[in-house]
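Listed below, chain by chain, are the residues.
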Number of protein chains: 2
Amino acid sequence: MSQGEFDIIHQYFDRPIDVEQGVTLGIGDDCAILDIPDGYQLVVTTDSLVSGVHFFDDVDPYRLGYKSLAVNLSDIAAMGAEAKWVSLAITLPSIDEHWISEFCRGFFALADKYQVQLIGGDTTKGPLSITVSAKGIVKKGQALRRNGAQPGDLLCVSGPLGDGGLGLAVKLLIGNCDKVDNQQAFIDALELTEPRLLLAKQLVNFASSCIDISDGLSQDLIHILEKSQCSAQVELENVPLSEAMKKQIQKGHISQLQAWQFAVSGGDDYELLFTVPADKIAAFKQLLNTQVVSKEAVCYQIGKITASLASNQQKETIEHSASSHRAITFTHLKQPINLDKAGWDHFK
Amino acid sequence: MSQGEFDIIHQYFDRPIDVEQGVTLGIGDDCAILDIPDGYQLVVTTDSLVSGVHFFDDVDPYRLGYKSLAVNLSDIAAMGAEAKWVSLAITLPSIDEHWISEFCRGFFALADKYQVQLIGGDTTKGPLSITVSAKGIVKKGQALRRNGAQPGDLLCVSGPLGDGGLGLAVKLLIGNCDKVDNQQAFIDALELTEPRLLLAKQLVNFASSCIDISDGLSQDLIHILEKSQCSAQVELENVPLSEAMKKQIQKGHISQLQAWQFAVSGGDDYELLFTVPADKIAAFKQLLNTQVVSKEAVCYQIGKITASLASNQQKETIEHSASSHRAITFTHLKQPINLDKAGWDHFK
């Protein structure tokens, strides 16, 4: 890159460090130097967003900057950790100052909201892609992992599901989603997801396992079940849908079944999916269906963890059942329901 | 990606974690969980290698895997830190099992040599690019930064310079490098660089500042001078050249001046450039020109830090002199020499 191009990049990406946030040395040396408080562990996640795979070339740069950080912070939240620092590697086909300015505005809007410090990265010329590596801290031994669920645990989510998936369907013009009105609400749900970092702080006191829903409730629940060697029941009538989604059903733009399918298989919701063990339920119930930390983060019980799968044969089954979801039983008013055979194809 | 593609990737990238290396949780959850020993700080660096920018599409995958890690570990070494963990985000145009196998073989050859653990990452379909984020630990307050050089400090490097730059010239067929024989030695120097992690452990006891030479001695020395507000003298007769480079001079394939130009401006050497303060020189001199930790890592004094630049005007000069190198005086047998006007163009 030319000196002028470097200057433009520095102007937007180099920001003052905050030593109170544990940054001894930020951008401008071979490495950043970070302080982990005594008694804490470091959590680290890395996610790439590649043009043509995760977003369109003409994506709004503000929203791309926002979301490239949001998906990483969501992983930090899923560990019950506090987000602290982030590295950003960005490959740009050209230096478009307006684009960079907007990207940074979106990125730092979210970073500043949660006091996350940009501590380094790399800028290269090439096909547009973004790799963010986020780091957080959690009290030693308190991190929420995927392997802690037990039979009898409540299964909960941190907010309505399906809007992100419907937003993607609307953007991709998949199936008959052209009937859907108020489309911007669903696209916003897709592009401006809120990492549940504030709720995560509370969940470390209650949850036995946790994951963020990026690939869809069903896929991500399978990850918990696989690591915890359990099965689960999901009560569809208790899976929360947004007011915007409910209106589409009322107007007949989509069916109830299709709404459930978006909620179960749509992905891109970035709500937390977690389990609460029996001995924590009484204390946790105060959080259920109440506004825990903000108007967005409301916890809903959507089912429970059922049998433990201990034998090797059953283990084999669950590890290879990601697509068939045999470890999950979906019910509606206590009757089993097969979502795979229920018209989802209209939207594929 | 399809399930089959995921399986191939997991087969090569998922490796057992080593809890003795501070990894409480590795690949397979939302985040990795890492333990930083009490009294240590975390150092973090991120570097991207993009096809068509940093390497050719047909690059040998073993060497690409090796080098994508090596350049990051070199940054960890430049802080005087111990490399511990690494995340790998890789974007691949297709799943070529042989290519992935070779890439991993190169990557893990180096990772295993220094007991560096792969703790996470992301694999995506898209134009070939690799982003590595390496993490290390260093005793609190002992990290080697760029801002500690003082007038009177020795200026040293950890090995011969110029081979990487000549290797790149050979690969790119720049100028009259077709005369150069034994070309593979220079290409090896470019592609199989050794991060100076073992030397780095010793340097924390001696060095006042340190950087790794990725962009060339001149450019990287400027970074130290800029941060330390100093100027420097480089004695060209003391800048170490490899035996392979000396042979090219003896055979008349390149001139002495051209060899110096590769050493000063070529880049891609990944040796450490560091300064040693007056009160540490006596103890440090035992390391000079001796095999410190391996046959590759030998320390050479190549000059000294001279005047301190304290005034704002001088500071202004140094911050904008990266291309003209006005803060560096090059000498040969005490006579100033201007490398910019000395035939480098033959190789451009």
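Residues numbered from 1 in each chain as written. Chains lettered and ligands numbered in written order. Predicted model: local features only at pLDDT ≥ 70, side-chain atom pairs only at ≥ 80, totals over all residues. Heavy atoms only, no water.

1. Thoughts on the overall build of chain A
Assigned secondary structure in chain A consists of eleven helices and 13 strands. Burial status across chain A gives 58% buried among its 348 residues. (Helix = DSSP H or I, 4+ residues; strand = E, 2+ residues; numbered from the N terminus. Buried < 20%, exposed > 50% of the residue type's maximum accessible area, 1.4 Å probe, protein only.)

2. Let's talk about unusual backbone geometry
The phi torsion at Gln115 of chain A lies on the positive side, around 55 degrees, for a residue other than glycine. Mapping Gln115 of chain A onto the fold places it in the loop between α3 (97-113) and β5 (117-125). One non-glycine residue with positive phi stands out, namely Gln229 of chain B, at about 55 degrees. Positionally, Gln229 of chain B belongs in the loop between α7 (217-228) and β9 (230-235).

3. Focus on the packing of helix α4 (residues 163-172) of chain B against helix α5 (residues 183-191) of chain B
Residues and elements named next belong to chain B. Between α4 and α5, whose axes approach to 7 Å, the crossing angle comes to 115 degrees. Taken together, the axis directions place α4 and α5 in an arrangement best described as roughly perpendicular. Relative to α5, α4 is oriented so that their crossing is left-handed. Residues Asp163, Gly164, Leu166, Gly167, Leu168, Val170 and Lys171 of α4 touch α5, and the partners they reach there are Gln183, Phe186, Ile187, Ala189, Leu190 and Glu191. A class-by-class count of the residues in the contact of α4 with α5 yields seven nonpolar, three polar and three charged. (Axes fitted to C-alpha atoms, helices over the stretch in contact; angles between N-to-C directions. Parallel < 35°, antiparallel > 145°, perpendicular 65-115°, else oblique. Left-handed = near helix turned anticlockwise from the far one by under 90°. Contact = heavy atoms within 4.5 Å. Nonpolar A, V, L, I, M, F, W, Y, C, P; charged D, E, K, R; others polar.)

4. Quick notes on the pairing of strand β11 (residues 300-308) of chain B
Residue and element names in this part refer to chain B. With four bridges connecting them, strand β7 (residues 154-157) and β11 associate as antiparallel partners. Across the sheet, the residue bridging to Leu154 is Lys304, located in β11. Judged from the four bridges that link them, β9 and β11 form a sheet pairing that is antiparallel. Across the sheet, the residue bridging to Ala232 is Ile305, located in β11. (Pairing = 2+ DSSP bridges.)

5. Overview of the environment of Ile337 of chain A
Residues and elements named next belong to chain A. By the secondary structure assignment, Ile337 is in the segment after β13 (335-336). Sequence separation between Ile337 and Glu235 is 102 residues; the distance between their C-alpha atoms is 9.7 Å. Among all residues touching Ile337, those that are not within four sequence positions of it are Leu236, Leu257, Trp260, Phe330, Thr331 and His332.

6. A few points about the environment of Ala307 of chain B
All names here are of chain B. Considering the arrangement of structural elements, one finds Ala307 in strand β11. The spatial distance from the C-alpha of Ala307 to the C-alpha of Pro151 is 5.5 Å, given a sequence separation of 156 residues. Once you skip the residues sitting within four places of it in the chain, Ala307 turns out to touch Pro151, Gln229, Cys230 and Ser231.

7. Things to note about a nonpolar patch on the surface
Residue and element names in this part refer to chain A. On the surface, a nonpolar cluster with roughly 230 Å² of combined accessible area is contributed by Phe56, Leu168 and Leu172. Along the chain, Leu168 turns up in helix α4 (residues 163-172). Among the residues examined, Leu168 registers a relative accessible area of 31% and is labelled partly exposed. (Patch = residues over 30% accessible without salt bridge, like charges linked within 9 Å, V, L, I, M, F, W, Y side chains within 5 Å. Areas by Shrake-Rupley, 256 points an atom, 1.4 Å probe, with all protein chains shown as cover. Salt bridge = Lys/Arg side-chain N within 4 Å of Asp/Glu carboxyl O.)

8. Considering the packing of helix α2 (residues 61-78) of chain A against α3 of chain A
Residues and elements named next belong to chain A. Two numbers describe how α2 lies on α3: the axes approach to 6 Å, and their chain directions differ by 35 degrees. For the crossing formed where α2 meets α3, the hand is right-handed. Note on element contacts: α3 touches α2 through Trp99, Glu102, Phe103, Arg105, Gly106, Phe107, Ala109, Leu110 and Ala111, opposite Pro61, Tyr62, Leu64, Gly65, Tyr66, Ser68, Leu69, Ala70 and Leu73. Taken together, the residues that form the contact of α2 with α3 break down as 13 nonpolar, three polar and two charged.

9. Section: the confidence of the model for chain A
Scored by pLDDT, chain A comes out at a mean of 86, with 88% of its residues at no less than 70. Between residues 311-324 of chain A, whose pLDDT stays under 50, and residues either more than four places distant or in other chains, the model counts 17 contacts. (pLDDT = per-residue confidence, 0-100.)

10. Some words on the pattern of salt bridges
In the structure shown here, the tally under the stated rule is 24 salt bridges over all chains. Ionic pairing is found between Arg146 of chain B and Asp30 of chain A, a salt bridge with its closest N-O pair at 3.2 Å. With one member in each of two chains, Arg146 of chain B in the loop between β6 (129-139) and β7 and Asp30 of chain A in the loop between β1 (23-25) and β2 (32-34) form a pair that bridges those chains. Overall, Arg146 of chain B belongs to the buried group, its relative accessible area being 11%. Each of Arg63, Lys171, Asp188 and Glu191 of chain A takes part in a single network of salt bridges with overlapping partners.

11. A short note on the relation of the copies chain A and chain B
Mapping chain A onto chain B calls for a rotation angle of 180 degrees and an axial translation of 0.0 Å; the resulting RMSD is 0.0 Å. Taken together, these values place the two copies in the relation of a two-fold axis. Of the residues that chain A buries at the interface, 100% are likewise interface residues in chain B, meaning the two copies contact each other through the same surface. (Least-squares fit on C-alpha atoms with pLDDT ≥ 70 in both.)

12. A few points about the sheet that holds strand β6 (residues 129-139) of chain A
Read across the sheet, six strands follow the order β5(A)-β4(A)-β6(A)-β3(A)-β2(B)-β1(B) without closing on themselves; strand pairing throughout is mixed. Each end of this open sheet is capped by a strand with a single partner; those strands are β5 of chain A together with β1 (23-25) of chain B. Across this sheet, the average inter-strand angle for adjacent strands is 20 degrees, counted without regard to direction. Note: β1 of chain B against strand β2 (residues 32-34) of chain B, two bridges, orientation antiparallel. If you follow Leu25 of chain B over to β2 of chain B, its bridge partner there is Ile33 of chain B. In the packing of α3 of chain A onto the sheet, the strands contacted are β4 (82-92), β5 and β6 of chain A, and the crossing angle to β4 of chain A comes to about 165 degrees.

13. Let's talk about the packing of aromatic side chains
The description of two aromatic rings rests on the distance between their centres and on the angle between their planes. Under the definition given, this model contains ten aromatic pairs over all chains. Among the aromatic residues, ring-to-ring pairing joins Trp99, Phe103, Phe107 and Phe108 of chain A into one connected group. (Phe/Tyr/Trp six-rings, centres within 6.5 Å; stacked < 30°, edge-to-face > 60°.)

14. What about α5 of chain B?
All names here are of chain B. Looking at α5, one finds that the buried residues are Phe186, Ile187, Leu190 and Glu191. Axial view of α5: buried residues confined to an arc of 130 degrees, hence all on one face. Buried residues belonging to α5 abut α2 (61-78), α4 and α8 (243-250). (Arc of directions from axis to C-beta.)

15. Comments concerning the sheet that holds strand β7 (residues 154-157) of chain A
Residues and elements named next belong to chain A. The seven strands lie next to each other as β8-β10-β7-β11-β9-β12-β13, forming an open sheet whose pairing is mixed. Of all strands in the sheet, those bounded by a partner on one side alone are β8 (209-212) and β13. In this structure, strand β9 (residues 230-235) lies alongside strand β12 (residues 328-332), joined through four bridges in parallel fashion. Within β12, the residue paired with Ala232 across the bridge is Ile328. The strands touched by α2 within the sheet are β8 and β10 (272-276), with β8 carrying the most contacts at an inclination of about 175 degrees.

16. A word on the interface of chain A and chain B
In this complex, chain A contributes 50 residues to the contact, which on the side of chain B involves 50 residues. When the buried area of chain A at its contact with chain B is split by residue, Asp30, Cys31 and Leu42 of chain A rank highest and sum to 16% of it. Scanning the region where chain A abuts chain B turns up six salt bridges. Linking Lys140 of chain A and Asp35 of chain B is a salt bridge whose minimum nitrogen-to-oxygen distance equals 2.9 Å. Linking chain A with chain B are 16 residue pairs in polar contact (both at pLDDT 80 or more). Listing elements by their share of the side of chain A that touches chain B, those giving two or more residues are β1, β2, β3 (40-50), α2, β4, β5, β6 and β8 of chain A. Here the element with the most residues in the side of chain A that touches chain B is β3 of chain A; it accounts for nine residues. Where β3 of chain A lies against β2 of chain B, three bridges are found, and the strand directions are antiparallel. Counterpart to Val44 of chain A in the pairing with β2 of chain B is Ala32 of chain B. (Buried area = accessible area lost by both parts, 1.4 Å probe. Polar contact = N/O pair within 3.5 Å; in protein donor to acceptor, adjacent residues only side chain to side chain.)

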